[in-house]
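What follows is the residue order along each chain.
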Amino acid sequence: GGMAAVLLLLLLAAAGPGPGRADAGRERRDALREELLLSPLPTGDVAATFQFRTRWDADLQRGAVSHYRLFPKALGRLVAALGVRELHLALTQGFWRTRYWGQPPLQAPAGAELWVWFQPTVTDVDKAWKELSNILSGIFCASLNFIDSTNTVIPTASFKPLGLANGTDHHLLRYAVLPREVVCTENLTPWKKLLPCGSKAGLAVLLKAERLFHSSYHSQAVHIRPICRDASCLAMSWELRQTLTVVFDFFSSGQGKKDWSLFKMFSRTLTDTCPLASQSKVYVDISPKNKEKELLEVSPPPTSVHEAIVQGDRRTYAVYDLLSPSLFNTSRSLNVQLKWKRPQDSSEMPIPTLHAQRYVGGYGLQMGEICTLIYNTHPYRAFPVILLETVPWYLRLYVHTLTIITKGKENKPSYIHYQPAQDRSRPHLLEMLIQLPANSITKITIQFERALLKWTEYPPDPNHGFYVGSSVLSALVPSVTAMKDMDVEQSPLFTSLFPSSDGSSYFVRLYTEPLLVNLPTPDFSMPYNVICLTCTVVAVCYGSFYNLLTRTFHVEEPSRGGLAKRLANVIRKFRGVPPL
Amino acid sequence: VCTSRFWFNYRHVANTLSVYRSVKRLGIPDSHIVLMLADDMACNPRNPKPATVFSHKNMELNVYGDDVEVDYRSYEVTVENFLRVLTGRIPPSTPRSKRLLSDDRSNILIYMTGHGGNGFLKFQDSEEITNVELADAFEQMWQKRRYNELLFIIDTCQGASMYERFYSPNIMALASSQVGEDSLSHQPDLGIGVHLMDRYTFYVLEFLEEIHPASQTNMNDLFQVCPKSLCVSTPGHRTDLFQRDPQNVLITDFFGSVRKVEITAETLSLDRDVPGLDSKFPEEELATEPLKYAEQLPVAQIIHQKPKQKDWHPPGGFILGLWALIIMVFFKTYGIKHMKHVF
């Protein structure tokens, strides 16, 4: 009887749930993919783009989710509590020079940019927006709490959702830019802490602040959006994508030599992979220019070569798969080196199809003009572009002076949305859909007048100037090579942020330069001067008047004098001389 | 707290960061530190070595490091925000890292540096905090029982004037110079081009580098730091409001923090499969038709967008009718014959 009971117990124990099955169920829930893209730029600089994508097959909105594994809890709770559908936050230092460097994989304006789509269930979007910016300012150590109604706008045509969307009521969208925001190590540290492996393993070991900020362009971003779980797209998952783009300067970091290596850029090499990552790859852009043999040589030899159509152009990438066992066979560390086979001719620099610049014209401290130039260098295709401009209220725009000129003739936009500013509560918003003819330059000018602020509204350093945030250009640029509809899961991460429906054109979002405008500043010592002067005048006038009215004169008896004087007077009386 | 803006005040940021670094090294975590820096020196365009702030010349020690969390940056460092942090009267949506979450068992160390004068400390070149305001803020903290003991260190010119007006109990104060004296800076670095540290804080940092979390050094040693021969100014201190004898107060009471750790020898076995975990996810209903992404640039939809609802304006006819009424009343009062002249 006892033996049978023991046997039964053993059988039950063996038949109980094994450890493997439940783990497999849990593993399907979230996944981390990381990749690094190194692309040499035409000017000799090199751009490195890190993308870390954490995908989680759970619904944050419904049901209380309490077990967070790879998805960071801080952001998960934020999304659930405030009813956020999509969140995009970018902190950038520097400017991406599209004219010389080509189309960016993902550009962000200088400073801090935050745009959020809320769920339709949120009743008070402005209150949720304010709370969101305060919470994010605590998480990322940035002054995002300065985002309020004076720099928030509601775009109507730009910034459509990048994730799954069921209808796009633009009243659920908020967009704000803080061009004065500084990005430094204290913003990078919490960003790195959101990664599942932190900065201890995988590609994130390369992220050292001293090298990353010694660059021409540094942009780190966080994107949260819902995506299709699989090809059939019947269920959704949440995707957290953290991107970091840095452009190393050929002259300051490269010391004048165009040969790059991971060690030269980041002062360290890759040693192992993050155990939580299901995919970890390094892509190096070795596309030949002008259809010749490659100009670039990479060492050590890559694990594979991948061809993809990125931004409408066929590109070749050397891929290093960090998870493949053959990579770390010969040496413990991976130091990818790029060498140019022949010297690059500077006249061969390709010009991107769409690029823009913006500047302030005019002189003096009263009036000015904002000029935007948009270049379409495609030889025969025209395409539309949406221009979104947010101008602070203290630069009063005169919309009747808005002119759009292409090739000498006026170009009327197909759609204009203008929302004038209200002093101290709302900025100007100008959104236009402009058709750009082939091979043309479009010049958009608008005049403004500078306002005089109240003296307490000036920042502590008013002579630095006031920033006007970058304007945003969203366009569907025609591709050189048609793109096939690829499976989103298999394509590299850097091709999959912007969902593309049509292979003949690709979506790009460019930002122009931020502007620095001087406002007339008063002399801040004037209140002190005025107080001194007024008090002196009042004291002198009132004092004199008071004296005049109330002073009375009376004769004073001369004093009898001291002992010595009396003795002297006595002696003088004896002598017959008048007394003292 | 560093209260100075502009590149030539690099030394104030370096002062603050070196005290921050010492305090972190001795065990106080970032969640218990509120760091306010009025300007950004590390990523300043004038910094030849970005993401670094040095405190010793020849760039020996980078006090900025890789793990810094600045709670109040740039324009956020104002007198109002500083007093709000001290007294706890902050708007409800302020994140936790920006609050001083202290209670009546907390020891608080406050270190301030910047430019100051007799009775005031300048914030960002545009406003000041006076010693009276500071004393009142400390009294508010005492009334609300927001501290157990408070150590106040200030490194500015005429710093002793800032602690003259304190009247709340359990406050000990140190200053780098007496009233009428200037605090001087230590040494310039020719590569960076500015003075890197102030003398008083430089010697305090050297003193703190020798402290470890278990050391028994007391406050009297801190009072001896930087005599007049090294500092050129006379550091001062005030202990009359403090109840304990400074001889018995350890440096680590304010600068360090020790966590109590209990070591146990028994083993705990954790269940590898928690049975209810996976089942907690509610069964999701799959959509009947595939979800789709939004079109990024729907040109046709944008052009034919319904115009946004304008604010209600009275119809134009109303204005016309109003004017017509006014004219009719005018002519009725003054006689109809005037109308003939108009027409």
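Going by what an unreviewed UniProt entry lists, chain B is known as GPI-anchor transamidase and is assigned to Rhodinocichla rosea. Note on chain B: under the UniProt heading Subunit (unreviewed entry), the record states "Heteropentamer. Part of the GPI-anchor transamidase complex, consisting of PIGK, PIGT, PIGS, PIGU and GAA1. Interacts with GPAA1. Interacts with PIGT; this interaction, via a disulfide link, stabilizes the expression of GAA1 and PIGK and links them to PIGS." Chain B has a UniProt comment under Pathway (unreviewed entry) that states "Glycolipid biosynthesis; glycosylphosphatidylinositol-anchor biosynthesis."

Labelled according to an unreviewed UniProt entry, chain A appears under the name PIGT transamidase, originating from Rhodinocichla rosea.

**Q** For the overall build of chain A, give the residues involved together with the corresponding values.
**A** Scanning chain A for helices and strands turns up ten helices and 26 strands. For 580 residues, the compact-globule estimate of 2.2 N^0.38 gives 25 Å, and the C-alpha radius of gyration of chain A, at 35 Å, exceeds that figure by more than 25%. Overall, the C-alpha framework of chain A stretches about 145 × 90 × 55 Å when taken along its three principal axes. Looking at the 580 residues of chain A, the share that counts as buried comes to 52%. The long-range fraction of contacts in chain A, counting pairs at least 24 apart against all pairs at least 6 apart in sequence, stands at 75%. Summing over all exposed atoms, chain A offers an accessible surface of approximately 27100 Å²; the carbon and sulfur share of this is 57%. Where the 61 positive side-chain charges of chain A centre and where its 48 negative ones centre are 7 Å apart.

**Q** Lay out helix α5 (residues 125–140) of chain A in plain terms, naming residues and giving numbers.
**A** Residue and element names in this part refer to chain A. Taking 1.5 Å per residue as the helical rise, α5 with its 16 residues ought to reach 22 Å, and the 22 Å between its terminal C-alpha atoms agrees with that figure. For α5, the complete set of buried residues consists of Val-125, Ala-128, Trp-129, Leu-132, Ser-133, Asn-134, Leu-136, Ser-137, Gly-138 and Phe-140. Trailing α5 by a residue or two, Cys-141 shows a phi angle of about 50°, which is positive.

**Q** Go over the domain arrangement of chain A with me, naming the residues and quoting the values.
**A** Residues and elements named next belong to chain A. By the assigned domains, chain A splits into domain 1 (30–340) and domain 2 (354–484 + 498–517). If you average the C-alpha positions of domain 1 and of domain 2, the two centres end up 26 Å apart. On the side of domain 2, 37 residues touch domain 1, which itself brings 36 residues to the contact. Seen at the junction of domain 1 and domain 2, the total is one salt bridge. Where domain 1 packs against domain 2, one counts eight residue pairs in polar contact (both at pLDDT 80 or more). Taken together, the elements giving at least two residues each to the side of domain 1 that touches domain 2 come down to α4 (98–101), β4 (111–118), β5 (152–153), β6 (173–178) and β13 (313–321). Class assignment for the residues of the side of domain 1 that touches domain 2 results in 18 nonpolar, eleven polar and seven charged.

**Q** Run through the interface of chain A and chain B, naming residues and quoting values.
**A** Facing 71 residues of chain A, the contacting portion of chain B comprises 53 residues. At the boundary of chain A and chain B, one finds six salt bridges. For Glu186(A), the salt bridge is made with Arg73(B), and the minimal N-O distance between the two is 2.8 Å. On inspection of chain A and its partner chain B, the count reaches 20 residue pairs in polar contact (both at pLDDT 80 or more).

**Q** Lay out the environment of Asp249(A) with the relevant residues and their values.
**A** Residues and elements named next belong to chain A. Mapping Asp-249 onto the fold places it in the loop between β8 (236–248) and β9 (260–261). Assessed through its relative accessible area of 22%, Asp-249 is described here as partly exposed. Placed 32 residues apart in sequence, Asp-249 and Tyr-217 show a C-alpha to C-alpha distance of 8.7 Å.

**Q** I'd love a proper account of the confidence of the model for chain B, names of residues and values included.
**A** With 91% of its residues at a pLDDT of 70 or more, chain B shows a mean pLDDT of 87. In the model output, the complex is listed with pTM 0.85 alongside ipTM 0.84.

**Q** Lay out the state of the cysteines with the relevant residues and their values.
**A** Counted according to the given criterion, the structure contains four disulfides over all chains. The disulfide partner of Cys228(A) is Cys233(A), and the S-S distance across this bridge is 1.9 Å. Taking the sign of the S-S torsion, about -60° here, the bridge from Cys228(A) to Cys233(A) comes out left-handed. Overall, the relative accessible area of 5% leaves Cys233(A) in the buried class. Here Cys226(B) connects covalently by a disulfide to Cys231(B), the sulfurs 1.7 Å from one another. A torsion of 95° about the S-S bond marks the disulfide between Cys226(B) and Cys231(B) as right-handed. One exposure class covers both Cys226(B) and Cys231(B), and it is buried. Cysteine Cys541(A) remains unbridged, with the sulfur of Cys535(A) as its closest cysteine sulfur at 12 Å.

**Q** Provide a residue-level description of helix α3 (residues 73–82) of chain A, including the pertinent values.
**A** Residue and element names in this part refer to chain A. Looking only at α3, the buried set comprises Leu-75, Gly-76, Leu-78, Val-79 and Leu-82. Along the axis of α3, the buried positions cluster into a sector of 165°, meaning they face one direction only. The exposed set on the far side of α3, more than 90 degrees from its buried face, consists of Arg-77 and Ala-81. Against β3 (84–94), β4, α5, β7 (217–228) and β8 lie the buried residues of α3. Directly beyond the C-terminal end of α3, a positive phi value near 65° is found at Gly-83.

**Q** Go over a nonpolar patch on the surface with me, naming the residues and quoting the values.
**A** Taken together, the side chains of Phe318(B), Ile319(B), Leu322(B), Trp323(B), Leu325(B), Ile326(B) and Val329(B) present a nonpolar region at the surface, about 700 Å² in accessible area. Looking at where Ile319(B) falls in the secondary structure, it is placed in helix α9 (residues 316–334).

**Q** Now, about the packing of α3(A) against α5(A): what can you tell me, with residues and values included?
**A** Residues and elements named next belong to chain A. One can describe the packing of α3 onto α5 by two numbers: an axis separation of 11 Å at closest approach and a directional angle of 170°. Accordingly, the angle class assigned to the pair α3 and α5 is roughly antiparallel. Between α3 and α5, the residues in contact are Ala-74, Leu-75, Leu-78 and Leu-82 and Ala-128, Glu-131, Leu-132, Ile-135, Leu-136 and Ile-139, respectively. Looking at the contact of α3 with α5 residue by residue, the class counts come to nine nonpolar, no polar and one charged.

**Q** Account for the sheet that holds strand β7 (residues 149–155) of chain B, with residues named and values stated.
**A** Residues and elements named next belong to chain B. An order of β3-β7-β8-β9 is seen for the four strands of this open sheet, with the pairing classed as mixed. Only two strands of the sheet have a single neighbouring strand rather than two, namely β3 (107–113) and β9 (236–238). Neighbour-to-neighbour, the strand axes of the sheet open up by a mean angle of 10°, direction not taken into account. Contacting β3 and β7, helix α1 (residues 10–25) runs over the sheet at an angle of about 160° to β3. Contacting β3, β7 and β8 (171–175), helix α4 (residues 199–209) crosses the sheet at an angle of about 130° to β7.

**Q** Let's hear about empty space enclosed by the protein: which residues, and what values?
**A** All names here are of chain A. Scanning the entire structure with this criterion turns up six cavities of 30 Å³ or more. Roughly 230 Å³ of volume is contained in the largest cavity. Those elements that place two or more of their residues in the lining of the largest cavity are β3, β4, β7, β8 and β25 (505–511). Here the lining of the largest cavity takes four residues from β25, the largest share from any one element. By residue class, the composition of the lining of the largest cavity is 14 nonpolar, seven polar and two charged. Taken domain by domain, the makeup of the lining of the largest cavity includes at least three residues from each of domain 1 (30–340) and domain 2 (354–484 + 498–517).

**Q** Quick rundown of the sheet that holds strand β1 (residues 30–40) of chain A? Include the residues and the values.
**A** All names here are of chain A. Read across the sheet, eleven strands follow the order β5-β6-β4-β3-β7-β8-β2-β1-β10-β13-β12 without closing on themselves; strand pairing throughout is mixed. Each having just a single partner strand, β5 and β12 (304–310) make up the two edges of the open sheet. Looking at chain direction, β7 and β8 are connected through twelve bridges and run antiparallel. Following the sheet pairing, Val-222 is matched in β8 by Gln-242. Most of the contacts of α5 go to β4, to which it runs at about 135°, and overall it touches β3, β4, β5, β6 and β7. Against the sheet, helix α6 (residues 185–193) contacts β2 (46–56), β3, β7 and β8, and its axis sits at roughly 30° relative to β7.

**Q** Could you give an account of the pairing of strand β24 (residues 472–478) of chain A, naming the residues involved and the relevant values?
**A** Residue and element names in this part refer to chain A. Most of β24 sits out of view: six of its seven residues are buried. Two strands pair when backbone bridges link them, and strand β17 (residues 383–391) and β24 are joined in this way by four bridges, in the antiparallel orientation. Among the inter-strand pairings, Leu-388 is bridged to a residue of β24, identified as Val-472. Where β24 and β25 come together, seven bridges link them in antiparallel fashion. Residue pairing for β25: Pro-478 is matched across the bridge by Ser-505.

**Q** Run through the confidence of the model for chain A, naming residues and quoting values.
**A** Residues and elements named next belong to chain A. Here chain A averages 86 in pLDDT, and 90% of its residues register 70 or above. Considering each helix and strand of chain A separately, the mean pLDDT is smallest for helix α2 (residues 19–27), with a value of 40, and largest for β6, with 96. Confidence over residues 8–28 falls short of pLDDT 50; this stretch has twelve contacts with residues more than four positions distant or in other chains.

Reading the values: the criteria
Residues numbered from 1 in each chain as written. Chains lettered and ligands numbered in written order. Predicted model: local features only at pLDDT ≥ 70, side-chain atom pairs only at ≥ 80, totals over all residues. Heavy atoms only, no water. UniProt positions renumbered as here; feature names shortened; annotations may be inferred. Helix = DSSP H or I, 4+ residues; strand = E, 2+ residues; numbered from the N terminus. Rg over C-alpha atoms; globule rule 2.2 N^0.38 Å. Buried < 20%, exposed > 50% of the residue type's maximum accessible area, 1.4 Å probe, protein only. Contact = heavy atoms within 4.5 Å. Areas by Shrake-Rupley, 256 points an atom, 1.4 Å probe, with all protein chains shown as cover. Lys, Arg positive; Asp, Glu negative; His and termini not counted. Charge placed at Lys NZ, Arg CZ, Asp CG, Glu CD. Expected span 1.5 Å × (residues − 1). Domains from an automatic or database assignment. Salt bridge = Lys/Arg side-chain N within 4 Å of Asp/Glu carboxyl O. Polar contact = N/O pair within 3.5 Å; in protein donor to acceptor, adjacent residues only side chain to side chain. Nonpolar A, V, L, I, M, F, W, Y, C, P; charged D, E, K, R; others polar. pLDDT = per-residue confidence, 0-100. Disulfide = S-S within 2.5 Å. Arc of directions from axis to C-beta. Patch = residues over 30% accessible without salt bridge, like charges linked within 9 Å, V, L, I, M, F, W, Y side chains within 5 Å. Axes fitted to C-alpha atoms, helices over the stretch in contact; angles between N-to-C directions. Parallel < 35°, antiparallel > 145°, perpendicular 65-115°, else oblique. Pairing = 2+ DSSP bridges. 1 Å grid on protein atoms, 1.4 Å probe; cavity = no way out; pocket = protein on both sides within 12 Å on 5 of 7 lines; lining within 4 Å. Points joined across faces, edges and corners; volume = space filled by probe spheres on them.

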